[in-house]
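# Topology and contacts: notes
Below, each chain spelled out in residue letters.
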Amino acid sequence: MNSHILASKWRPYSFNNVIGQNHVIQAIKYSLSIKKIHPAWILSGSRGIGKTTIARIFAMGLSCLQGVTNNPCGYCENCISIKKNSFLDLIELDSASKTKVEDIREILEIIYYPPVKGKYKIYIFDEFHMLSKHSFNALLKIIEEPPEYIKFIFATTELQKIPSTILSRCIQFHLKLIDKNIIFNQLKYILNKENFKYDEEALKILSETSDGSMRDALNLTDQLISMGELTTYNVYLMLGLIKKKYLFLLIENFKTQKYNIIFNLIYQISKFNVNWLTIITEIMILLHHILKIKILNKNLNNLLKDSNFQKNEIFFYKNILDKFSEIELKNLYNILSKGKKNLYLSPNPKVGFEMIILEIIIYLKNINEI
């Protein structure tokens, strides 16, 4: 395998290879096809979902030697230079390190020099929201009336921090979190190309854990590769997770009042060197599923059609569903949510987790005594 990390090696260099952002790609490709390109674009959204990647492909479409195109060749001198981050007319700026107004003034001093190799001089500002108020003000005039050969592409994870005066002068697109099924299929495709053997269940866990970020999914996959085998066991070990059966058993025993069983389960869980914050999140997700099934009165057999559910989990859902009322499930979720928020205040995460469980036990004990 190439020594490059997967996120770099498999970065798309064509609009057709960008996943999960069809609405943005459609707009940019259409603008390129009719050769009417707005001078300033804002791409907003979470980390690792394609903002900078799309900006670079956009730059290739504007600079390709075959002319402005929505399908840059990727092989001409300009396209190759952009891939190597060495194209003279593409200036990428990390706004986090260029926050001072003096930095922006330096940029503005050279902005009126025409492009050297391409048709346009293109500025990509990453983490655009990090600029100071004075820097935004310094940029305002040039964004409003730029030279014809200047194009701005601003990428940000916090759109709300950008002044409305700037926003009103830009075309804005919000990139979506990438669906976990799309991430799963992309991971399968990449690993097949790289000739890696893998457990599909392991990839499903990675896809869900990545929270909609393709870059995070690939970085986690790199981490898993470094462990030797792409197995479910190694994923649990790497992420500090445990098999869901332990969490199902924990929830089920909340109502039995057999507290020795509950704390024995916690002891068994602790031997896996788990991330307790993640465990709380996993229990909350299971409670959400259980309450949703209960309220919607779903047929358990139909759950297998939902990608969130596994065949071996249905048994546990059947055991738990009738043990709790809707209000109990809602209150358990709230106790966990509050406990998760305050976990950092505990002497250590395990103690914090046990205090949350003790609060659940006390709540359910009081309910039963009423």
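Reading guide: rules and limits
- Residues numbered from 1 in each chain as written.
- Predicted model: local features only at pLDDT ≥ 70, side-chain atom pairs only at ≥ 80, totals over all residues.
- Heavy atoms only, no water.
- Helix = DSSP H or I, 4+ residues; strand = E, 2+ residues; numbered from the N terminus.
- Buried < 20%, exposed > 50% of the residue type's maximum accessible area, 1.4 Å probe, protein only.
- Contact = heavy atoms within 4.5 Å.
- Expected span 1.5 Å × (residues − 1).
- Phe/Tyr/Trp six-rings, centres within 6.5 Å; stacked < 30°, edge-to-face > 60°.
- Lys NZ or Arg CZ within 6 Å of the ring centre and 35° of its normal.

Of note, lysine 35 is a non-glycine position whose phi angle comes to about 60°, a positive value. Despite not being glycine, asparagine 195 has its phi angle at roughly 60°, a positive value. When you line up the elements, asparagine 195 lands in the loop between helix H8 (180-193) and helix H9 (200-209).

Here we take up the environment of isoleucine 279. Relative to the assigned elements, isoleucine 279 resides in helix H14 (residues 276-296). Since its relative accessible area comes to 1%, isoleucine 279 is described here as buried. Placed 61 residues apart in sequence, isoleucine 279 and lysine 340 show a C-alpha to C-alpha distance of 9.8 Å. Residues in contact with isoleucine 279, not counting those within four places in the same chain, are Gly240, Ile242, Leu247, Val274 and Phe353.

Turning our attention to helix H3 (residues 51-63). Taking 1.5 Å per residue, 13 residues should reach 18 Å; H3 reaches 18 Å between its end C-alpha atoms and fits that length. With respect to burial, H3 is a largely interior element, 13 of its 13 residues being buried.

Following the criterion strictly, the structure yields 13 aromatic pairs and no others. Ring centres 4.8 Å apart and planes at 40° place the aromatic pair tryptophan 276 and phenylalanine 353 in the tilted group. In this pair, tryptophan 276 sits in helix H14 while phenylalanine 353 sits in helix H17 (residues 349-369), placing the two residues 77 residues apart along the sequence. The class of tryptophan 276 is buried, set by a relative accessible area of 8%. Relative accessible area serves as the criterion here: at 0%, phenylalanine 353 is assigned to the buried category. The structure contains a cluster of three or more aromatic residues connected by ring pairs, namely Tyr123, Phe125, Phe128, Phe136, Phe152 and Phe154. Lying across the ring of tyrosine 75, lysine 83 places its NZ or CZ 5.6 Å from the centre.

With that settled, the discussion passes to H9. Here H9 has its buried residues at Ala202, Leu203, Ile205, Leu206 and Ser207. If you follow the buried residues of H9, they end up packed against H8, helix H10 (214-225) and helix H11 (232-239).

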